[in-house]
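# Examination of the molecular architecture
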Number of protein chains: 2
Amino acid sequence: MDIEKVNSMDFGEFVDVFGNVVERCPLIAAAVWSQRPFSDLQDLKQHFYAFIDALPQSGQEGILRCHPDLAGRELQLGTLTAESQREQSGAGLTSLGADERLRLAELNAQYRARFGFPFVLAARLSDRAAVPRELARRLHCPRAQELRTALGEVKKIARLRLADLLGIDPARL
Amino acid sequence: MDIEKVNSMDFGEFVDVFGNVVERCPLIAAAVWSQRPFSDLQDLKQHFYAFIDALPQSGQEGILRCHPDLAGRELQLGTLTAESQREQSGAGLTSLGADERLRLAELNAQYRARFGFPFVLAARLSDRAAVPRELARRLHCPRAQELRTALGEVKKIARLRLADLLGIDPARL
């Protein structure tokens, strides 16, 4: 998909296509549409990033709270978004043993209790061995630093999802 | 539900309960959770309003773009949220004749083309005769005024949905 195609979309189409670039936050795609026409695909991506950065801190935390746990209850229940299901599956999180699942559930719960938002990680850039290691590490970071790290992961996820939707190599974004 | 109950919710529960107070914008409920504890139910409502007011204009337009048309395609397809389905049904919009549906579809399309967001109205405070009349009237308002009017309707909808969820008379909010 090229930028002319993107710029030709009405807001209904745009939100249908890009509504889950940020997990369960169609509001963000719907807001980004206000910034068209986009000069190129990087410019489109930058407007997603800029909207996230411009939110008040409560809104940034709100974005994180719209994310599911990794290997959590929603994966068990089958209620993940299609994108999240693919990402968690690709990282091997759908085929954990009972011990690994329990360990992750405990770490996720500690993280949520400590920070007031769930642990967010670009699962496609990770794997089942690295996820609990990274979770255990970030659990001990200062809150302000952790909020920045988590929003950085939201942007990595957004970039990969955008590249998929546009049918291009993520390196071009 | 009293304010102690609301204040005792973790963010997962809170977003499950209040995630559609603003149509298809769970991000907003998820952000409002950052402001707990709430002093009372009015304070809870005010934090929803304040978050909407603090968004950049693109974000406010984004909220509107997450709303379905009244008596539109999503009603036909059965893909409305439960809240929206109830509200449109209560206003008699699910039992329009073919002529009325066509007239509304034309007005909705004109409105979307003019303003770049859909016509939003608190359907529970309206009815099938008033909706097209109000749509035709607002279609001719200046854009800045119309954005304010539409966000006012978002707040009316939010207030009524909150009252439902809390099990109280809207007059108490």
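Residues numbered from 1 in each chain as written. Chains lettered and ligands numbered in written order. Predicted model: local features only at pLDDT ≥ 70, side-chain atom pairs only at ≥ 80, totals over all residues. Heavy atoms only, no water.

- If you check an unreviewed UniProt entry, chain A appears there as 2-oxo-4-hydroxy-4-carboxy-5-ureidoimidazoline decarboxylase from Rhinolophus ferrumequinum.
- The UniProt entry for chain A carries the following comment under Function (unreviewed entry): "Catalyzes the stereoselective decarboxylation of 2-oxo-4-hydroxy-4-carboxy-5-ureidoimidazoline (OHCU) to (S)-allantoin."
- According to UniProt, the comment filed for chain A under the heading Catalytic activity (unreviewed entry) is "5-hydroxy-2-oxo-4-ureido-2,5-dihydro-1H-imidazole-5-carboxylate + H(+) = (S)-allantoin + CO2". (UniProt positions renumbered as here; feature names shortened; annotations may be inferred.)

### Quick word on the domain arrangement of chain A
All names here are of chain A.
- Looking at the assigned domains, one finds that chain A contains domain 1 (3–62) and domain 2 (69–158).
- For domain 1 versus domain 2, the distance between C-alpha centres works out to 24 Å.
- Facing the 11 residues of domain 1 at the interface are 13 residues of domain 2.
- Here domain 1 packs against domain 2, burying approximately 1100 Å² in sum over the two surfaces, 56% of which is carbon and sulfur.
- Inspection of the domain 1/domain 2 interface yields 3 salt bridges.
- Put simply, domain 1 and domain 2 have 8 residue pairs in polar contact (both at pLDDT 80 or more) between them.
- Broken down by secondary-structure element, the contributors of at least two residues to the side of domain 1 that touches domain 2 are α4 (41–54) and α5 (57–65). (Domains from an automatic or database assignment. Contact = heavy atoms within 4.5 Å. Buried area = accessible area lost by both parts, 1.4 Å probe. Salt bridge = Lys/Arg side-chain N within 4 Å of Asp/Glu carboxyl O. Polar contact = N/O pair within 3.5 Å; in protein donor to acceptor, adjacent residues only side chain to side chain. Helix = DSSP H or I, 4+ residues; strand = E, 2+ residues; numbered from the N terminus.)

### Looking at helix α8 (residues 98–115) of chain B
All names here are of chain B.
- With 18 residues, α8 extends 26 Å from end C-alpha to end C-alpha; this agrees with the ideal 26 Å at 1.5 Å per step.
- Within α8, burial applies to Leu 104, Leu 107, Asn 108, Tyr 111 and Phe 115. The buried side chains of α8 occupy one side of the element, clustering within an arc of 105 degrees when seen end-on. More than 90 degrees from the buried face of α8, the exposed residues found are Ala 98, Asp 99 and Ala 113.
- Tucked into the core, α8 has its buried residues touching α9 (130–138) and α10 (143–166).
- Remark: Gly 116 follows α8 within two positions and exhibits a positive phi of approximately 75 degrees. (Expected span 1.5 Å × (residues − 1). Buried < 20%, exposed > 50% of the residue type's maximum accessible area, 1.4 Å probe, protein only. Arc of directions from axis to C-beta.)

### Digging into the interface of chain A and chain B
- Contacts between the two partners involve 28 residues from chain A and, on the opposite side, 28 residues from chain B.
- The largest per-residue losses of area from chain A upon contact with chain B belong to A:Phe11, A:Leu27 and A:Arg65, which jointly make up 34% of the total buried on that side.
- At the junction of chain A and chain B, the tally comes to 6 residue pairs in polar contact (both at pLDDT 80 or more).
- Of all elements in the fold, only α2 (11–18), α3 (26–32) and α5 of chain A reach the threshold of two or more residues within the side of chain A that touches chain B.
- No other element matches the 6 residues that α5(A) contributes to the side of chain A that touches chain B.
- A class-by-class count of the residues in the side of chain A that touches chain B yields 15 nonpolar, 7 polar and 6 charged. (Nonpolar A, V, L, I, M, F, W, Y, C, P; charged D, E, K, R; others polar.)

### Re the pattern of salt bridges
All names here are of chain B.
- For the structure shown, the criterion picks out 24 salt bridges over all chains.
- Between Arg 143 and Glu 61 there is a salt bridge; the shortest N-O distance is 3.0 Å. Residue Arg 143 is found in helix α10, and its partner Glu 61 is found in helix α5 (residues 57–65); the two are separated by 82 residues along the sequence.

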